[in-house]
Amino acid sequence: WTRDGRVKADVVTISADVAGTVTDVMVRDNQMVKQGDVLFVVDKARYQNALAQANALLAAQQVEKGRRGKEASRRAALDSSIVSVESMETAQFAVGTASAQYQAALAARDLAQLNLERTVVRAPVSGYVTNLNVHAGDFAAVGAAKLAVIGSDSFYVVGYFEETKLPLLKVNDPVQVRLMSGAAQLNGHIESIAHGIT
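Reference entry: report on the structure contained in this document.

Thoughts on the pattern of salt bridges
Logical step 1: What the rule picks out here adds up to 7 salt bridges.
Logical step 2: Glu-64 is paired through a salt bridge with Arg-68; the nearest N and O atoms lie 2.8 Å apart. Placement of the pair is Glu-64 and Arg-68 together in helix H1 (residues 45-77), with a separation of 4 residues, close to one helical turn.
Logical step 3: Here Glu-64 falls in the partly exposed class, since its relative accessible area comes to 22%.
Logical step 4: With a shortest N-O distance of 3.7 Å, Lys-165 and Glu-162 are connected by a salt bridge.
Logical step 5: Through salt bridges with shared partners, one network takes in Glu-64, Arg-67, Arg-68 and Glu-71.

Here's the deal with the side chain of Gln-61
Logical step 1: Among the secondary structure elements, Gln-61 is positioned in helix H1.
Logical step 2: In this structure, Gln-61 is in contact with Ala-98, Gln-101, Tyr-102 and Ala-105, ignoring residues within four places of it in sequence.

Re the sheet that holds strand E3 (residues 20-25)
Logical step 1: Judged by pairing direction, the sheet is antiparallel, and its 4 strands sit side by side in the order E6-E5-E3-E8 without closing on themselves. Unpaired on one side and paired on the other, strand E6 (120-122) and strand E8 (139-140) mark the two borders of the sheet.
Logical step 2: Pairing analysis gives 3 bridges linking E3 to strand E5 (residues 38-42), with the strands arranged antiparallel. If you follow Asp-24 over to E5, its bridge partner there is Val-41.

Considerations on the packing of aromatic side chains
Logical step 1: Inspection of every chain in the model, using the stated rule, returns 0 aromatic pairs.
Logical step 2: Above the plane of the ring of Tyr-102 lies Lys-65, whose end atom (NZ or CZ) is 4.6 Å from the centre.

Examining the layout of surface pockets
Logical step 1: What the largest pocket holds in volume is close to 1,700 Å³.
Logical step 2: Taken together, 41 residues make up the lining of the largest pocket; nearest its centre are Val-157, Val-158, Gly-159, Tyr-160 and Phe-161.
Logical step 3: Counting residues per element, the ones that place at least two in the lining of the largest pocket are strand E1 (5-8), strand E10 (156-159), strand E11 (174-177) and strand E12 (186-189).
Logical step 4: Of the residues belonging to the lining of the largest pocket, the class tally is 21 nonpolar, 11 polar and 9 charged.

Observations regarding a nonpolar patch on the surface
Logical step 1: Residues Val-7, Met-32, Tyr-128, Phe-155 and Val-157 make up a contiguous nonpolar surface patch of about 460 Å² in total accessible area.
Logical step 2: Assignment of secondary structure puts Met-32 in strand E4 (residues 32-33).

Some thoughts on the environment of Val-11
Logical step 1: Looking at the secondary structure, you find Val-11 in strand E2 (residues 11-15).
Logical step 2: For Val-11, the residues in contact, after removing those within four places along its chain, are Ala-148, Val-149 and Ile-150.

So, how was this worked out
Residues numbered from 1 in each chain as written. Predicted model: local features only at pLDDT ≥ 70, side-chain atom pairs only at ≥ 80, totals over all residues. Heavy atoms only, no water. Salt bridge = Lys/Arg side-chain N within 4 Å of Asp/Glu carboxyl O. Helix = DSSP H or I, 4+ residues; strand = E, 2+ residues; numbered from the N terminus. Buried < 20%, exposed > 50% of the residue type's maximum accessible area, 1.4 Å probe, protein only. Contact = heavy atoms within 4.5 Å. Pairing = 2+ DSSP bridges. Phe/Tyr/Trp six-rings, centres within 6.5 Å; stacked < 30°, edge-to-face > 60°. Lys NZ or Arg CZ within 6 Å of the ring centre and 35° of its normal. 1 Å grid on protein atoms, 1.4 Å probe; cavity = no way out; pocket = protein on both sides within 12 Å on 5 of 7 lines; lining within 4 Å. Points joined across faces, edges and corners; volume = space filled by probe spheres on them. Nonpolar A, V, L, I, M, F, W, Y, C, P; charged D, E, K, R; others polar. Patch = residues over 30% accessible without salt bridge, like charges linked within 9 Å, V, L, I, M, F, W, Y side chains within 5 Å. Areas by Shrake-Rupley, 256 points an atom, 1.4 Å probe, with all protein chains shown as cover.

Next up, the structure:
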């Protein structure tokens, strides 16, 4: 046995993946949330406009790709006495360029869609909201911590034992934990034994 134990849990720091003004905060401090629940929302207007622009560019590149493809096919079908080999090669090169520009526009559209989706910040795990430091009107910078979620399925106890007692402990051995609060006894097992401590 040891008196030197600590209850711990995984604390997931939550930040925005896109920058902007926070328009809605859907939670309060110490609230229980489920995985996928909306925590807060970043202003969507800028990201909706970026997606609209990306869709327009993608449509233009698709038309250009089709036009270049038809032109290359038309030249390839003509006799070499009418169209030079250089002209055919140039048309094929233009098809390759148009295809690459289309793929770039497609990737830009996918990124704009992803950014729009990321304006809604969701709980990555079920747990308890803590350290809530976000309010409607705040600016959310990318990566700046706005709150944390304590994972409700991640609680564990770290016990410190003297080195002379370590040979008595084995992984998967049953354990009993009595909290100082007087709460009911908790039962569990040894999940792992650390190779060192600081």
